[in-house]
Amino acid sequence: MSGPTGGTSQARRRARRTATAALVVLAACGSGVLPAGSSAAQENRATRAAEPENPVVTINDSDSPEQIREKAAKVTPTSRQLAWQYEELTGFVHFGPNTFTGREWGSGAEDPDVFAPSSLDTDQWARTFKEAGFKKVILTAKHHDGMLLYPSEYSSHGVASSSWRSGQGDVLKEFADSARKAGLKVGVYVSPADGAELPHKWWMEKWVPDIVKKHDAGQGLSTIEQSTYDDRDRTPGGQGRYGNGSEKKTTTIPSNGGSGPKFTFEADDYNRYYMNTLYEVLTKYGKFDEVWLDGANPWKEAGLNQSYNFTDWFKMIRTLQPSAGVFGGPDIRWVGNEDGLTTRPSEWSVVPQTGKADPDGERNPTYGHQDDNIAGDDKLTTDSDYLAWHPAECDGRLQGKNWFWNKDVQPSSLATLQNMYRNSVGKNCQLLLNVAPDNRGRVPEAEEKRMQEFGRWIRSTFDTNLAKGATAADDAGTSHTPGNDPGNVLDNTDDTAWQPTGTTGDLVLDLGSDRTFNTVNLKENIKVGQRTSGFAVDVWDGRSWKEAGSATTIGYRRILKLSESVTTSKIRLRITSSRALPPAIATLSLHNDHS
């Protein structure tokens with residue numbers, strides 16, 4: 001993943017803020033947000049169907065902690081970020097040379113003929129995800145080995161160079177067609193890292209000899225070193241454009257012409273190659289709803305470094321696929337692990353950043369991606385340049401720790417997938433679950449069955465709302481803002497909400513009769529921002545209220561699994577703390593997950 005930038009001085013931050021203020025003032029102006037505490041600011045604030053987008057807000061050096069927290073409470077997602085959040089479940093497909101070599105990370109020197117699926121069935125891939133309740137699927141059209149799963153004018157290392165289907169195959173096309181036929185959205189991952197484009201001289205005189213020496217000395221080899229050692233008698237399949245030290249030149253994309261939009265950039269050999277192949281993907285395969293990028297630079301420690309022109313890439317994506325969310329870019333961030341879940345008690349979507357406050361530019365979270373606390377109130381200071389709506393995607397794998405199929409690896413248990421779901425979708429994130437097809441080109445039977453079980457569990461748990469038919473009311477001592485009535489939590493929409501007049505408040509559901517449940521499902525109307533920082537759920541035992549569970553943030557969605565099932569006729573939601581402004585609670589539902 002692309003990590004955060006280094007520290008900046010107050011003077012540099014001040015200069016950068018002055019230079020970029022015009023970019024973000026447009027997002028703040030016309031937002032209809034009045035000063036905190038104003039009754040007009042609160043009136044109908046939670047029920048507006050079309051909140052102005054406010055995804056990036058500058059932090060001024062003169063801002064107090066209270067002012068920064070209020071700014072954070074007013075940051076809201078873009079329409080593409082909202083669409084991404086509503087998807088909840090996205091499938092990931094890693095398929096390529098590694099599927100046939102048993103590797104997780106190829107060298108780039110593989111013979112294209114190693115790619116030889118005997119019965120490719122992308123319809124079955126799409127069906128597997130669709131039946132499990134997924135809304136979108138992403139294909140790894142190029143992994144770090146550099147082999148393209150689609151024909152390209154700019155590469156000699158891809159399916160067109162293989163004997164599979166006599167060089168006429170196009171996995172990306174079949175994948176996209178199958179997904180859309182099944183009613184799934186489509187995304188694509190084109191890896192920036194590219195082993196096939198390693199310079200041949202560096203490979204033969206530096207990279208391979210160093211690995212052979214390490215191996216012969218009895219030292220352990222990393223995954224990428226092992227694949228290189230195994231292919232030490234071969235050379236990379238590309239033209240040596242990655243990390244070759246070439247100078248930047250004025251470049252037109254696409255370089256070979258075409259009828260679509262054209263771009264002019266300053267680019268070295270590899271960025272020119274990458275942007276040409278990215279252009280092909282973005283213009284020949286229909287609409288994409290996510291473009292997945294990372295910052296992998298695997299040969300840097302060995303002395304070969306390649307810089308990536310992310311800003312130019314983002315410009316291309318925004319122009320050619322304007323509705324696509326960009327992972328690893330302005331729209332979506334990495335959660336910090338590859339376990340399919342967040343381990344943070346509080347998962348905030350508003351994240352402090354350093355650098356240029358560009359709504360469509362790079363993101364550099366001030367406190368990185370992996371710490372337990374990267375966006376809590378104590379992190380909202382003038383050490384950052386701006387705040388951005390930057391929600392987390394949790395990438396995980398069905399087949400243990402493997403991204404690519406391995407005949408010796410079995411699918412994860414249903415309990416593992418349930419835990420992923422509760423701690424990704426159920427903690428204000430999206431779950432990106434990789435399911436790897438086998439060397440036939442099909443999802444293996446065991447994996448297909450486990451995905452069916454996963455989908456059945458989700459439906460059996462959340463399709464039945466045990467709060468249906470309930471009535472809602474403010475608890476004693478709580479009042480709500482005009483138009484944001486308690487009953488809005490029961491209307492099954494995200495666009496309305498109950499909003500207390502303060503940053504705390506209590507809501508009571510009368511269920512009418514005893515109901516037994518072990519799961520509480522909550523949502524905020526994130527169109528007005530993410531604000532809840534603490535809540536508790538109480539149950540009525542006939543004489544008094546007893547706390548059944550509590551947690552911190554809600555955001556788009558929070559699934560609170562109680563320590564045990566409870567039976568009650570009334571429950572109470574207590575908002576115990578919120579960030580600067582009253583929260584907007586869109587949904588409160590009750591479920592039994594049968595565990």
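Just above, that's the structure.
Each value, and the rule that gives it
Residues numbered from 1 in each chain as written. Predicted model: local features only at pLDDT ≥ 70, side-chain atom pairs only at ≥ 80, totals over all residues. Heavy atoms only, no water. Phe/Tyr/Trp six-rings, centres within 6.5 Å; stacked < 30°, edge-to-face > 60°. Helix = DSSP H or I, 4+ residues; strand = E, 2+ residues; numbered from the N terminus. Buried < 20%, exposed > 50% of the residue type's maximum accessible area, 1.4 Å probe, protein only. Pairing = 2+ DSSP bridges. Axes fitted to C-alpha atoms, helices over the stretch in contact; angles between N-to-C directions. Contact = heavy atoms within 4.5 Å. Salt bridge = Lys/Arg side-chain N within 4 Å of Asp/Glu carboxyl O. Core = buried A, V, L, I, M, F, W, Y, C linked by side-chain atoms within 4.5 Å. Parallel < 35°, antiparallel > 145°, perpendicular 65-115°, else oblique. Left-handed = near helix turned anticlockwise from the far one by under 90°. Nonpolar A, V, L, I, M, F, W, Y, C, P; charged D, E, K, R; others polar.

(A) Main features of the packing of aromatic side chains. Applying the stated rule across the entire model yields 34 aromatic pairs. Both rings, one in Y242 and one in W299, keep their centres 5.3 Å apart while their planes meet at 75 degrees; by these two values the pair is edge-to-face. On the criterion of sequence distance, the pair formed by Y242 in the loop between α9 (223-230) and β5 (249-253) and W299 in the loop between β7 (290-292) and α11 (310-320) is long-range, its members being 57 residues apart. Taken individually, Y242 and W299 each receive the classification buried, so the pair is uniform in this respect. Between W292 and F327, the ring centres sit 4.3 Å apart and the planes meet at 5 degrees, which makes this aromatic pair stacked. A residue pair is termed long-range when its members are at least 10 positions apart, and W292 in strand β7 and F327 in strand β8 (residues 325-327) qualify at 35 residues. You'll find W292 and F327 in the same group, each marked buried.

(B) Structural context of the sheet that holds strand β11 (residues 386-389). Here three strands make up an open sheet; going across it, the order is β1-β11-β10 and the pairing antiparallel. Because the sheet does not close on itself, it has two edges, and the strands there are β1 (56-58) and β10 (350-353). Taken over all neighbouring pairs, the strand axes of this sheet differ in orientation by 25 degrees on average, direction set aside. Bridge count for β10 against β11 is four bridges, and the pairing is antiparallel.

(C) Structural view of the sheet that holds strand β2 (residues 89-93). With parallel pairing, eight strands are arranged side by side in an open sheet as β8-β7-β4-β3-β2-β13-β12-β9. Bordering the open sheet on either side are β8 and β9 (333-334), each of which pairs with just one other strand. For β2 and strand β13 (residues 430-434), the ladder comprises four bridges, and the chain directions are parallel. By the bridge assignment, T90 is partnered in β13 with L432. On the sheet, helix α6 (residues 122-131) packs against β2, β3 (136-142) and β13 and is oriented at approximately 155 degrees with respect to β2.

(D) Just unusual backbone geometry, in detail. The step from I253 to P254 runs through a cis peptide bond, and the omega angle for that step is 5 degrees. Inspection of the secondary structure puts P254 in the loop between β5 and β6 (263-267). Positive phi values are uncommon outside glycine, yet R165 reaches one of about 55 degrees. Among the secondary structure elements, R165 is positioned in the loop between β3 and α7 (171-181).

(E) Quick peek at the pairing of β6. Across the two faces of β6 the burial differs, with F263, F265 and A267 buried and T264 and E266 not buried at all. Alignment of β5 against β6, held across five bridges, turns out to be antiparallel. Considered in β6, the bridge of K249 is made with A267.

(F) Representation of the pattern of salt bridges in the model. A full pass over the atoms with the stated rule returns 40 salt bridges. Residues K181 and D123 are paired through a salt bridge, measuring 3.0 Å at the closest nitrogen-oxygen approach. Placement of K181 in helix α7 and of D123 in helix α6 is noted, with a sequence separation of 58 residues between them. For K181, a relative accessible area of 62% gives the class exposed. The class for D123 is partly exposed, based on a relative accessible area of 29%. A salt bridge links E290 to K136, with the nearest nitrogen and oxygen atoms 2.5 Å apart. On the criterion of sequence distance, the pair formed by E290 in strand β7 and K136 in strand β3 is long-range, its members being 154 residues apart. You'll find E290 and K136 in the same group, each marked buried.

(G) Fine view of the nonpolar core. Ranked by internal contacts, the top residues of the largest apolar core, which has 84 residues, are W125, V171, W299, M316, Y421, L433 and F454. No other element matches the eight residues that helix α10 (residues 269-284) contributes to this core. Residues in contact with W299, not counting those within four places in the same chain, are H144, A193, D194, G195, L198, W202, W207, I224, Y242 and L304. Judged by nonpolar contacts, the second largest core, of 25 residues, contains V520, V539, A548 and L560.

(H) A look at the packing of α6 against α7. Running from amino to carboxyl end, α6 crosses α7 at an angle of 40 degrees, the nearest separation of the two axes being 8 Å. Comparing the axis directions of α6 and α7 gives the class oblique. You can see that α6 and α7 cross each other, and the crossing is right-handed. Taking contact as the criterion, the partners of T122, D123, W125 and A126 in α6 are, on α7, V171, E174, F175, S178, A179 and K181. For the contact of α6 with α7, a count of residues per class yields five nonpolar, two polar and three charged.

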